[in-house]
Amino acid sequence: MSGSGAVTGGGKDIVGEILDRYGRQKGMLIPMMQDLQKERGYLPREDLVDLAERLGVPLSQVYHVATFYASFSLAPRGRHNITLCVGTVCYLKGAGAIADAIRKEFEVQPGGTSPDHMFTFSPVNCVGACALAPVMVVDDKYYGGMTVETALKTLRDIAAGTPADNKAAG
Ligand code: FES
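Residues numbered from 1 in each chain as written. Predicted model: local features only at pLDDT ≥ 70, side-chain atom pairs only at ≥ 80, totals over all residues.

J.: How would you summarise unusual backbone geometry if you had to cite specific residues and measurements?
T.: Going from Ala133 to Pro134, the amide bond is cis rather than trans, its omega being -10°. Mapped onto the elements, Pro134 comes out in the loop between β2 (119–124) and β3 (136–138). Of note in the backbone geometry, Arg24 takes a positive phi value of approximately 55° without being a glycine. Assignment of secondary structure puts Arg24 in the loop between α1 (14–21) and α2 (29–40). Its identity is not glycine, yet Glu107 carries a phi of approximately 50°, on the positive side. Glu107 sits in the partly exposed class, given 13 other C-beta atoms within 10 Å. (Helix = DSSP H or I, 4+ residues; strand = E, 2+ residues; numbered from the N terminus. Buried ≥ 20, exposed ≤ 12 C-beta atoms within 10 Å, placed from the backbone.)

J.: Outline the packing of helix α3 (residues 45–55) against helix α4 (residues 59–68), listing residues and values.
T.: Packing of α3 against α4 leaves a shortest axis separation of 9 Å and a crossing angle of 130°. Between α3 and α4, the crossing angle belongs to the class labelled oblique. Crossing handedness for the pair α3 and α4: right-handed. Contact residues: Leu48, Val49, Leu51 and Ala52 in α3; Leu59, Val62, Tyr63 and Ala66 in α4. In the contact of α3 with α4, the residues fall into 8 nonpolar, no polar and no charged. (Axes fitted to C-alpha atoms, helices over the stretch in contact; angles between N-to-C directions. Parallel < 35°, antiparallel > 145°, perpendicular 65-115°, else oblique. Left-handed = near helix turned anticlockwise from the far one by under 90°. Contact = placed C-beta atoms within 7 Å. Nonpolar A, V, L, I, M, F, W, Y, C, P; charged D, E, K, R; others polar.)

J.: For the nonpolar core, give the residues involved together with the corresponding values.
T.: Ranked by internal contacts, the top residues of the largest apolar core, which has 18 residues, are Ile82, Leu84, Ile98 and Ile102. Put simply, the parts of the chain that give this core at least two residues each are β1 (80–85), α6 (95–106), β2 and α7 (148–160). At 5 residues, α6 tops the list of elements feeding residues into this core. (Core = buried A, V, L, I, M, F, W, Y, C linked by C-beta atoms within 7 Å.)

J.: Before we move on, can you summarise α6 with the specific residues and values?
T.: In a regular helix each residue adds 1.5 Å, so 12 residues correspond to 16 Å; α6 covers 16 Å between its end C-alpha atoms and thus fits that length. Buried positions along α6 lie against β1, α5 (88–92), β2 and α7. Positive backbone phi, at 50°, marks Glu107, one or two positions downstream of α6. (Expected span 1.5 Å × (residues − 1).)

J.: Describe α1, listing the residues and the values that go with them.
T.: Buried within α1 are the following residues: Ile14, Val15 and Ile18. Each buried residue of α1 lies within a common arc of 100° when the element is viewed along its axis, so the set occupies one face. Of the exposed residues in α1, the ones pointing more than 90 degrees away from its buried face are Glu17 and Asp20. One or two steps after α1, the chain reaches Gly23, where phi turns positive at roughly 60°. (Arc of directions from axis to C-beta.)

Next up, the structure:
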């Protein structure tokens, strides 16, 4: 299984291009994986296997890096990231109901991505803006004082304003 390696998605040998970009140096594994994630939107398993083989590093090492850094994702991500605070302050002000509503409306599980690839949903434990509770962060933008209604409206508006695009690989 060495040689040209897996070629997926549009027939481009993305792994090969990335390997060349960094002179196939093992010490450049992390930037290579960052580039891969940028191009694919996440780290597909077949690409990680391919990268490990062609770079000559153990797959376990590649997975260690992929799981150690929060910025890497092993599953396809949505076009928008919803980070909902369910920390104590936000929870007491209704974040639980907001989380339930998001799950139902967009058919997305915590840590997962909606079937239409619009949203990846991450409940977290305090985003450090408790004065704004309950807080939802979408793509780095903070929305404070959320209710079920305003949170859903905000997300529906974002989805409606997102032009049609190729779906993530999968
Ligand atoms: S508990 Fe939600 S921002 Fe702190």
